[in-house]
Amino acid sequence: MSMPLYQLRDVIQEYGGREVLCVPELDLPVGRITGLAGPNGSGKSTLMRLLAFLEIPLRGVVRFAGNGNAGSDCGVRREVSLLTQEPYLLKRSVAANVAYGLKVRGHGPSKERVGHVLEMVGLDPKLFMHRAWYELSGGEAQRVALAARLVLQPKVLLLDEPTASLDEVSVERIHHAAMAAREQWGTTLVVVSHDMGWLRNMCDEIIHLRGGRIQQPS
Ligand code: ADP
Ligand code: MG
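Attention in this report is confined to the structure presented alongside it. (Residues numbered from 1 in each chain as written. Chains lettered and ligands numbered in written order. Predicted model: local features only at pLDDT ≥ 70, side-chain atom pairs only at ≥ 80, totals over all residues. Heavy atoms only, no water.)

Moving on, we get to the packing of helix H3 (residues 94-104) against helix H6 (residues 138-150). Close contact between H3 and H6 brings their axes to 7 Å; oriented N to C, the two are set at 30 degrees. Every pair of crossing elements has a handedness; the one defined by H3 and H6 is right-handed. When H3 is examined against H6, the residues Val94, Asn97 and Val98 are found in contact with a partner set consisting of Val144, Ala147 and Ala148. Here the residues of the contact of H3 with H6 sort into five nonpolar, one polar and no charged. (Axes fitted to C-alpha atoms, helices over the stretch in contact; angles between N-to-C directions. Helix = DSSP H or I, 4+ residues; strand = E, 2+ residues; numbered from the N terminus. Left-handed = near helix turned anticlockwise from the far one by under 90°. Contact = heavy atoms within 4.5 Å. Nonpolar A, V, L, I, M, F, W, Y, C, P; charged D, E, K, R; others polar.)

What follows is the structure, given as structure tokens:
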């Protein structure tokens, strides 16, 4: 078997002197879709921020593709994209939002790529490309935010409660887009949700967190 994409070893994170996460060992293979479940405050978002290299752990190491301390490497951070429950959209059109990441990375005209990822999240480019940010439902806004990440073809996509309070169609479309990303680009995914049925449908494995620790399957 090939080397895991992520290797966490003896990871501990504390906030204000209180331990909120303790992961002695966790490997995530390339292309796997991992679900992350657990009660509020169990450390799911903390783990996601560590995987996104937005934080570094107090102790231990998060290796990415074999590199320790990958978080200090800006190239690595660009391979990983995090989507949260409350997406942030620019006060611009849908097309401008989705193309933004391409633009800052210096890519040329992107209409085709933008259209492709809008289709991936189930938004008809003809109808949505030129909509303004305020002309979207909550579910559509979340799908635009996802499209803005998909357009970068990330190696890793981290979805932290992406479907909380969304309509059924949007929830289904987000599932569909996640599968398509893995199919097309081999994207590795970690998905947090309280919807166990939805997680089981999509994930190869589900990890349960409680009190900052991974529960062993019983
Ligand atoms: P979950 O996503 O599973 O609800 P979190 O990872 O957000 O859990 O939080 C884990 C614990 O860490 C909680 O007790 C939370 O209150 C605490 N926590 C999270 N972020 C911070 C922070 N920036 N400062 C202090 N405590 C925090
Ligand atoms: Mg959370």
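Structure's up, so let's keep going.
Further remarks concern the nonpolar core. Val98, Leu118, Leu146, Leu150, Leu159 and Val191 are the most contacted members of the largest nonpolar core, which has 40 residues in total. Where this core is concerned, the elements lending two or more residues are strand S3 (33-37), H3, helix H4 (111-120), H6, strand S6 (156-160), helix H7 (168-185), strand S7 (188-192) and helix H8 (196-202). Non-local contacts of Leu150, meaning those with residues more than four positions away in its chain, are made with Val117, Met120, Val121, Leu157, Ala177, Ala181 and Trp185. Counting residues in each nonpolar core, the second largest holds 27 residues, with Val11, Leu36, Ala52 and Val80 among its members. (Core = buried A, V, L, I, M, F, W, Y, C linked by side-chain atoms within 4.5 Å. Buried < 20%, exposed > 50% of the residue type's maximum accessible area, 1.4 Å probe, protein only.)

Right, let's talk about the sheet that holds strand S2 (residues 18-28) for a bit. If you walk across this open sheet you meet the three strands as S2-S1-S4, and the pairing is antiparallel. Across the chains shown, the open sheet's two edge strands, defined by having one partner strand only, are S2 and strand S4 (59-64). Averaged over all adjacent pairs, the angle separating strand axes in this sheet is 20 degrees, with direction ignored. In this sheet, S4 lies alongside strand S1 (residues 6-15) in antiparallel orientation, the contact comprising five bridges. Its bridge partner being in S4, Arg9 is matched across the sheet by Val61. Here helix H1 (residues 44-51) sits on the sheet in contact with S1, S2 and S4, set at roughly 125 degrees to S1. (Pairing = 2+ DSSP bridges.)

Taking strand neighbours across the sheet as the criterion, the six strands line up as S5-S6-S7-S3-S8-S9 in an open arrangement whose pairing is mixed. A strand with exactly one partner marks an edge of an open sheet, and here the two such strands are strand S5 (80-83) and strand S9 (213-215). Each neighbouring strand pair of the sheet contributes to a mean axis angle of 25 degrees, computed without reference to strand direction. Sheet topology note: the S3/S7 ladder contains four bridges and is parallel. By the bridge assignment for S7, Gly35 is matched with Val191. Running over the sheet, H1 touches S3, S5, S6, S7 and strand S8 (205-210) and is turned about 160 degrees from S6.

Our focus in this paragraph is the site of ligand 1. In the vicinity of ligand 1, the contacting residues are Tyr15, Arg18, Val20, Pro39, Asn40, Gly41, Ser42, Gly43, Lys44, Ser45, Thr46 and Arg49. Between an oxygen atom of ligand 1 and a side-chain N or O atom of Arg18, the distance comes to 2.8 Å. The protein chains hide 61% of the 550 Å² of surface that ligand 1 would expose on its own. Elements supplying a minimum of two residues to the shell around ligand 1: S2 and H1. Per element, the largest residue contribution to the shell around ligand 1 is four residues, and it comes from H1. (Near = heavy atom within 4 Å. Polar contact = N/O pair within 3.5 Å; in protein donor to acceptor, adjacent residues only side chain to side chain. Areas by Shrake-Rupley, 256 points an atom, 1.4 Å probe, with all protein chains shown as cover.)

Our focus in this paragraph is H3. Among the residues of H3, those classed as buried are Val94, Ala95, Asn97, Val98, Ala99, Gly101 and Leu102. Buried residues along H3 sit against H4, helix H5 (125-128) and H6.

Below, the discussion takes up the packing of aromatic side chains. On inspection of all chains with the given rule, the structure shows four aromatic pairs. Ring geometry for Tyr6 and Phe64: centres 5.1 Å apart, planes at 70 degrees, overall edge-to-face. Pair noted here: Tyr6 is in strand S1 and Phe64 is in strand S4, with a separation of 58 residues, a long-range link. By the burial criterion, Tyr6 is buried, and Phe64 matches it. (Phe/Tyr/Trp six-rings, centres within 6.5 Å; stacked < 30°, edge-to-face > 60°.)

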